[in-house]
Amino acid sequence: MSGPDGIVHCAAIAAPGTELRTALDTLVATGLGALIVVGDEERVSALADAGFELDAPFSAEGLCELCKMDGAVTLDAGVRRILRANVHLAPDRRLPTSETGIRHRTAEQLSRATDALVIAVSEQRGAITLYHRGERDVVTA
């Protein structure tokens, strides 16, 4: 995810017309919340616990089904593989965050601790929020 464009590059990964965005829009439409992590597998794995490994081909339908479970879903940087599901993420709670909900706090803090794109889908607000290196971009509300 690194590069000069930061959050702009990350927003392109979840842009309308991509299979990832199809999944995100479906989650919003069905009222499901989700925590999805894209890339930086090594550092994310060091902050992850529980869940189970899949290493399955990515599909919008598969991601939506896996998001019905508690925990996060992790994807490879190219959004070609679903790596793990039902993952408990534990970034350093001392990392700064302006978020109040646990899903969004975890997303922001994980984005500060890794180079991953972290996506939080709010079930109550119906918003998709992207986090990368502590930057935040709400792509729908």
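Residues numbered from 1 in each chain as written. Predicted model: local features only at pLDDT ≥ 70, side-chain atom pairs only at ≥ 80, totals over all residues. Heavy atoms only, no water.

Turning our attention to the pattern of salt bridges. For side chains of opposite charge, pairing can occur when their charged atoms come near one another. If you walk through the whole model with that rule in mind, you get nine salt bridges. Here Glu108 ties to Arg112 by a salt bridge, and the two come within 3.1 Å at their closest N and O atoms. Here Glu108 and its partner Arg112 are both found in helix H5 (residues 102–113), four residues apart, which amounts to about one turn of the helix. Classification of Arg112 as partly exposed rests on a relative accessible area of 37%. (Salt bridge = Lys/Arg side-chain N within 4 Å of Asp/Glu carboxyl O. Helix = DSSP H or I, 4+ residues; strand = E, 2+ residues; numbered from the N terminus. Buried < 20%, exposed > 50% of the residue type's maximum accessible area, 1.4 Å probe, protein only.)

Okay, the nonpolar core next. A general tendency of soluble globular proteins is for nonpolar side chains to be buried together. Counting 26 residues, the largest nonpolar core has Leu20, Leu24, Ile36, Leu63, Leu75 and Ile119 as the members making the most contacts within it. Sorting the residues of this core by element identifies helix H1 (7–13), helix H2 (19–30), strand E1 (34–38), helix H4 (60–66), strand E4 (72–75), strand E5 (81–89), strand E6 (117–121) and strand E7 (128–132) as the ones contributing at least two each. Excluding its chain neighbours within four sequence positions, the residues that come into contact with Leu63 are Leu20, Ala23, Ile36, Phe58, Val73, Leu75 and Ile82. Grouped together as the second largest cluster of nonpolar side chains are 13 residues, Val37, Leu89, Ala107 and Val118 included. (Core = buried A, V, L, I, M, F, W, Y, C linked by side-chain atoms within 4.5 Å. Contact = heavy atoms within 4.5 Å.)

Along its twelve residues, H5 runs 16 Å from first to last C-alpha, staying within 8% of the 16 Å computed at 1.5 Å per residue. Within the sequence span of H5, burial applies to His104, Thr106, Ala107, Glu108, Gln109, Leu110 and Ser111. If you follow the buried residues of H5, they end up packed against E1, E5, E6 and E7. (Expected span 1.5 Å × (residues − 1).)

Counting buried positions along E1 yields five of five residues, so the element is predominantly enclosed. Burial along E1 is two-sided: the residues Ala34, Ile36 and Val38 and Leu35 and Val37 are all buried. One ladder, built from five bridges, connects E1 with E6; its direction is antiparallel. Looking at E6, one finds that Leu35 is bridged to Ala120. (Pairing = 2+ DSSP bridges.)

Let us now look at the confidence of the model for the chain. Looking at the chain, pLDDT values average 91 and 93% of them are 70 or higher. Mean pLDDT values for the elements of the chain range from 74 in H1 up to 98 in E4. (pLDDT = per-residue confidence, 0-100.)

For Phe58, the location among the structural elements is in the loop between strand E3 (52–57) and H4. Its relative accessible area of 10% is what places Phe58 among the buried residues. Measuring from C-alpha to C-alpha, the distance between Phe58 and Leu20 comes to 8.8 Å, with 38 residues separating the pair along the chain. In contact with Phe58, not counting residues within four places along its chain, are Glu19, Leu20, Leu63, Leu75, Val79, Arg80, Arg81 and Ile82.

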